Amino acid sequence: MPRPPLDGLIDDLYYLEGTPPYARLTLPPMPGALLIVNLGEPFRIRGGTDVETAEYADGCVVTTPTRAFEFGYPLRTRSVGAHVKPWGVAPFLPMPAAELCDRPVTLEQVWGRPAVAGLRDRLAAADGPHEMLTVLENELVRRLRETTGLGLVRHTSSVIAATTGAVAIGDLTTAAGVSSTHLAQRFKELVGVTPKRLARTHRFAATVFAIDPAGPVDWGDLAGGAGYFDQAHFGHEFRAFTGLTPTRYVEVRRRFLREHPGHVLDGWSLPAD
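Computed from a prediction, not measured in an experiment: that's the story for all the values here. (Residues numbered from 1 in each chain as written. Predicted model: local features only at pLDDT ≥ 70, side-chain atom pairs only at ≥ 80, totals over all residues. Heavy atoms only, no water.)

Enquirer: It is not clear to me how the sheet that holds strand β4 (residues 43–46) should be interpreted in this structure. Could you clarify?
Expert: Sheets are built from strands that pair by backbone hydrogen bonding, the pairs being arranged parallel or antiparallel. Here 5 strands make up an open sheet; going across it, the order is β5-β4-β7-β2-β10 and the pairing antiparallel. Strands at the two margins of the open sheet, each flanked by one partner only, are β5 (54–56) and β10 (270–271). Judged from the 4 bridges that link them, strand β2 (residues 24–27) and strand β7 (residues 69–72) form a sheet pairing that is antiparallel. Looking at the pairing, T26 lines up with E70 of β7. (Pairing = 2+ DSSP bridges. Helix = DSSP H or I, 4+ residues; strand = E, 2+ residues; numbered from the N terminus.)

So, in structure tokens, the structure goes:
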């Protein structure tokens with residue numbers, strides 16, 4: 001967990017090393033952003049079936065996505081990174097988050113080649129994972145900047161998260177004392193998506209985490225409990241977010257559990273092979 005003031009922007013800092021469970025993993029949309037500093041061989045990302053795969057050598061930044069990403073890993077991977085709250089990436093970006101929506105960029109494009117090269121050198125020279133995370137934390141603290149509208153977006157996003165997306169956006173604008181247009185613009189600048197889209201993602205994520213792939217699933221109860229109109233609406237959202245039907249999604253999750261029981265990446269990532 002990062003120290004203040006980063007704890008209001010970042011969920012956690014992590015170190016990842018080893019052999020991926022699959023050469024390619026699909027990550028469904030999540031209500032959050034991701035920052036990766038790569039220390040191993042390049043990895044590849046494809047942001048949808050209609051997007052070409054791109055290679056990332058130094059790392060990448062992914063703002064709150066609206067569709068699944070496919071990550072292609074080398075035989076062994078090594079990186080440090082941060083799981084970032086939806087609004088948390090904005091203070092580290094030189095551009096509006098909307099410009100990065102579903103378009104991961106290299107870390108060099110965000111911070112510049114000399115800065116990223118220096119950071120990777122310091123990480124490589126660090127004495128173990130704990131010191132590496134401290135190096136990353138210090139870099140993020142150093143780069144933290146004032147961001148207009150962050151308080152508004154942070155508060156509103158927190159309400160959306162607390163209700164798992166089941167809140168009327170009109171009520172949020174009224175409570176904040178701003179117009180719906182102003183709120184949407186701020187969200188696109190700092191999160192990359194509108195409040196309505198973020199609420200959809202929170203609802204989907206909460207629904208997915210409520211699924212126990214090891215047991216039977218009552219899709220009707222699950223859809224109704226999550227606030228979907230009916231199972232057809234529920235199925236449409238699943239396909240929009242993952243490219244899979246709900247039943248196929250569970251089959252893939254069960255494959256992961258069967259082939260890699262207890263793996264650290266199980267729970268959100270899906271085999272893409």
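Past the structure itself, the notes keep going.
Enquirer: Looking at this model, I keep getting lost on the environment of Q231. Mind explaining?
Expert: Tracing the backbone shows Q231 in helix α9 (residues 231–242). Those residues in contact with Q231 that lie beyond four places of it in its chain are W219, G220 and A223. (Contact = heavy atoms within 4.5 Å.)

Enquirer: Would you mind going over the nonpolar core with me for this structure?
Expert: Side chains that are nonpolar tend, in soluble globular proteins, to be buried together. Of all hydrophobic cores here, the largest spans 43 residues; its most connected members are I10, V37, V61, W111, L123 and L140. For this core, the element with the highest residue contribution is helix α3 (residues 129–143), accounting for 4 residues. Formed by 33 residues, the second largest nonpolar core is a distinct cluster that contains M30, L34, F234 and F241. (Core = buried A, V, L, I, M, F, W, Y, C linked by side-chain atoms within 4.5 Å. Buried < 20%, exposed > 50% of the residue type's maximum accessible area, 1.4 Å probe, protein only.)

Enquirer: It is not clear to me how the packing of helix α2 (residues 113–125) against α3 should be interpreted in this structure. Could you clarify?
Expert: When two helices pack together, their arrangement is captured by the angle between the axes and the distance separating the axes. At a closest axis distance of 9 Å, the pairing of α2 and α3 adopts a crossing angle of 150°. Comparing the axis directions of α2 and α3 gives the class roughly antiparallel. Seen along the crossing, α2 lies across α3 with a hand that is right-handed. From α2, A115, L119, R122 and L123 reach across to α3, where they touch M132, V135, L136, E139 and R143. In terms of residue class, the contact of α2 with α3 is made up of 6 nonpolar, no polar and 3 charged. (Axes fitted to C-alpha atoms, helices over the stretch in contact; angles between N-to-C directions. Parallel < 35°, antiparallel > 145°, perpendicular 65-115°, else oblique. Left-handed = near helix turned anticlockwise from the far one by under 90°. Nonpolar A, V, L, I, M, F, W, Y, C, P; charged D, E, K, R; others polar.)

Enquirer: Is there a simple way to explain the sheet that holds strand β8 (residues 77–84) in this structure?
Expert: Taken in spatial order, the 5 strands line up as β1-β8-β3-β6-β9 in an open sheet, and their pairing is antiparallel. For this open sheet the edge positions go to β1 (10–18) and β9 (105–106), each flanked by a neighbour on one side alone. As judged from the 6 bridges shared by strand β3 (residues 33–38) and β8, these two strands associate in the antiparallel manner. By the bridge assignment for β8, L34 is matched with H83. Along the sheet, α3 contacts β1, β3 and β8; its crossing angle with β1, the most-contacted strand, is approximately 140°.

Enquirer: Just to check I follow, could you spell out the pairing of β7 for this structure?
Expert: Across a regular strand the side chains alternate sides, sitting on one face of the sheet and then on the other. The side-chain alternation of β7 yields two buried faces, one formed by F69 and F71 and the other by E70 and G72. Pairing of β4 with β7 involves 3 bridges; the strand directions are antiparallel. Along β7, the bridge assignment pairs I45 with F71.

Enquirer: What's the story with the side chain of S269 in this structure? I'm lost.
Expert: Here S269 shows up in the loop between α10 (246–259) and β10. Looking at S269, the relative accessible area reads 8%, which means it is buried. Other than its neighbours up to four places away in sequence, S269 contacts L25, T26, L27 and F256.

Enquirer: What is the right way to look at helix α7 (residues 195–209) in this model?
Expert: Taking 1.5 Å of rise per residue, the 15 residues of α7 would be expected to cover 21 Å, and the 21 Å separating its terminal C-alpha atoms lies within 8% of that figure. Most of α7 sits inside the fold, with 11 of its 15 residues counted as buried. For α7, every residue scored as buried is listed here: P195, R197, L198, A199, T201, H202, R203, F204, A205, T207 and V208. Residues of α7 that are buried sit in contact with α4 (150–162), α5 (169–176), α6 (180–190), α8 (219–225), α9 and α10. (Expected span 1.5 Å × (residues − 1).)

Enquirer: Sorry if this is basic, but what is going on with the environment of V116 here?
Expert: Position of V116 relative to the elements: it lies in helix α2. Classification of V116 as buried rests on a relative accessible area of 3%. Along the primary structure V116 and D58 are separated by 58 residues, whereas in three dimensions their C-alpha atoms are 7.5 Å apart. Residues contacting V116, with those up to four places away along its chain left out, are D58, L107, E108 and W111.

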